[in-house]
Amino acid sequence: MKKTLLLLSAWAMWSAVSSAWSFEPLPDVPPIPADNPMSAAKIALGQQLYFDKRLSVDGTVSCNSCHSLMGSGTDNRPVSVGVGGKKGGRNAPTVWNSAFLSVQFWDGRAATLEDQAKGPIVNSVEMGMHSPADAEARIRAIPGYVSQFETVFGAQNPVTYENIAKAIAAYERTLLTPRSPFDRYLKGDKTALSEQALRGMKTVEKIGCTACHTGPDFAGPSMPAGQGFYQKFPIFVENNPYVAKYRLMEDDGRFNVTHEASDKHLWRVQTWRNVALTAPYFHTGSVPTLDEAVRVMARSQLGKTLTEAEVQDIVAFLNSLTGEFPVQNMPRLPQTPNRTLTAE
């Protein structure tokens, strides 16, 4: 059964009920799958793998290269740069709070963080390893990793592509940014939001933004893993100058995954958490500022042209969704004495 939720024909219904679930604080703990329980040793291993450029074919790219945890969880480029200077086709989404998403990637092609972690390593434009077996062999050639995998996953063939992904995903589930001004406001601190941010909060409800941007991650209501919350973008195309200016229809979106005509230009609803820090915006990475992104969304999704005061109020509210980032200490990686694994 197709797991795509279209909002177009039910727009009025969603708008009417959205306020009932629009605003929720970020939970302290994300969903954790039964087949990948968390442990301190697994999280530490996943952190090492996340920062280790040796998981790329030439030793130049790590997960952190495109999803920098020293910053916004993105690289703040229009599109990311992979091995050999190759450029991807879409803007890198933030990894912060991605544990709350029910599907991963812009087009929802990965059902879990584990599935997502498997993709870039063997993507020829990203980390460029030729196969999962090659990635496994690279890790097995590092003695320190082998012993860690044995501790975490057991002594019987522990270094598998599946386990590499499980470790990375376990670490990513710790990447949460709680206690934003908005969260503090919802929990009773009525001084946490400025008057302008409060006006912006009321405006996004009034004009219909919360028909899609709901739930604790502002990426839609909570859904089972693998079931995505999607929306067509852009909806209003005619007489919309932003469509051509920012190349909004050059990518067919989820259609490239399902090859179903109804999925053309369908995208996973994006999070608003920390959105003030993740410019440039949209799958094209073509919109450089948050205020312009607000104008584009209002015109393209709601058919509305906002006043400048409304735009700035919404920007103030979106800024209030910037949370507290836990300190990330660069991990010490296991070494390969007397040899290299990534020589040309």
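Look a little higher up for the structure.
About the criteria used
- Residues numbered from 1 in each chain as written.
- Predicted model: local features only at pLDDT ≥ 70, side-chain atom pairs only at ≥ 80, totals over all residues.
- Heavy atoms only, no water.
- 1 Å grid on protein atoms, 1.4 Å probe; cavity = no way out; pocket = protein on both sides within 12 Å on 5 of 7 lines; lining within 4 Å.
- Points joined across faces, edges and corners; volume = space filled by probe spheres on them.
- Helix = DSSP H or I, 4+ residues; strand = E, 2+ residues; numbered from the N terminus.
- Nonpolar A, V, L, I, M, F, W, Y, C, P; charged D, E, K, R; others polar.
- Polar contact = N/O pair within 3.5 Å; in protein donor to acceptor, adjacent residues only side chain to side chain.
- Contact = heavy atoms within 4.5 Å.
- Salt bridge = Lys/Arg side-chain N within 4 Å of Asp/Glu carboxyl O.
- Phe/Tyr/Trp six-rings, centres within 6.5 Å; stacked < 30°, edge-to-face > 60°.
- Buried < 20%, exposed > 50% of the residue type's maximum accessible area, 1.4 Å probe, protein only.
- Lys NZ or Arg CZ within 6 Å of the ring centre and 35° of its normal.

**Student:** Where do I start with the layout of surface pockets in this structure?
**Tutor:** A water-sized probe rolled over the atoms picks out the places where empty space is left. Put simply, the largest pocket is a space of about 670 Å³. Counting residues per element, the ones that place at least two in the lining of the largest pocket are α3 (63-66), α4 (113-121) and α7 (161-172). Ranked by the residues each element gives to the lining of the largest pocket, the list is headed by α4, at five residues. Taken together, the residues that form the lining of the largest pocket break down as 18 nonpolar, 12 polar and six charged. In this structure, the second largest pocket spans a volume of roughly 420 Å³. Lining the second largest pocket are 27 residues, and of these P31, A99, F100, L101 and S102 sit closest to its centre. Taken together, the residues of the lining of the second largest pocket sort by class into 17 nonpolar, six polar and four charged.

**Student:** I would appreciate a short explanation of the side chain of S72 in the present structure.
**Tutor:** Relative to the helices and strands, S72 resides in the loop between α3 and α4. One polar contact links the side chain of S72 to the main-chain carbonyl oxygen of L277, over a distance of 3.5 Å. Apart from the residues within four sequence positions on either side, S72 is in contact with T94, W96, L277 and T278.

**Student:** Would you mind going over the pattern of salt bridges with me for this structure?
**Tutor:** Pairs can form between side chains of opposite charge whenever their charged atoms are close. In total, this model carries 15 salt bridges according to the counting rule given. For D52, the salt bridge is made with R54, and the minimal N-O distance between the two is 2.8 Å. Ionic pairing is found between E324 and R179, a salt bridge with its closest N-O pair at 2.8 Å. Taken together, the positions of E324 in the segment after α13 (308-319) and R179 in the loop between α7 and α8 (181-186) put the pair 145 residues apart, joining distant regions of the chain. What you see here is one network of salt bridges that share partners, running through K245, D291, E292, R295 and E308.

**Student:** Help me out: how do you make sense of the packing of aromatic side chains in this one?
**Tutor:** Any aromatic ring pair is given by two values, namely how distant the centres are and how the planes are angled relative to each other. In the structure shown here, the tally under the stated rule is 15 aromatic pairs. When the ring of F182 is compared with that of F218, the centres are 5.3 Å apart and the planes differ by 65°; the resulting orientation is edge-to-face. With F182 in helix α8 and F218 in the loop between α9 (195-207) and β1 (230-232), this residue pair connects regions lying 36 residues apart in the sequence. Pairing F218 with W272 gives two aromatic rings, centres 5.5 Å apart and planes at 20°, and the pair type is stacked. Linking F218 in the loop between α9 and β1 with W272 in the loop between β2 (266-268) and α12 (290-301), this pair joins segments that are 54 residues apart in sequence. Here W272 falls in the buried class, since its relative accessible area comes to 11%. Of the aromatic side chains, those joined through ring pairs into one cluster are F23, F182, F218, W272 and F317. Above the face of the Y185 ring, K190 is positioned so that its terminal group lies 4.1 Å from the ring centre. The ring of F255 carries the charged tip of K264 above its face, separated from the ring centre by 5.1 Å.

**Student:** I keep staring at empty space enclosed by the protein and nothing clicks. Help me out?
**Tutor:** Following the criterion strictly, the structure yields one cavity of 30 Å³ or more and no others. There is about 740 Å³ of room inside the largest cavity. Lining the largest cavity are 43 residues, and of these H213, Q270, W272, F282 and M297 lie nearest its centre. Contributing elements (two or more residues each) for the lining of the largest cavity: α9, β2, α12 and α13. Per-element accounting of the lining of the largest cavity gives the leading share, six residues, to α12. Broken down by class, the residue content of the lining of the largest cavity amounts to 27 nonpolar, 13 polar and three charged.

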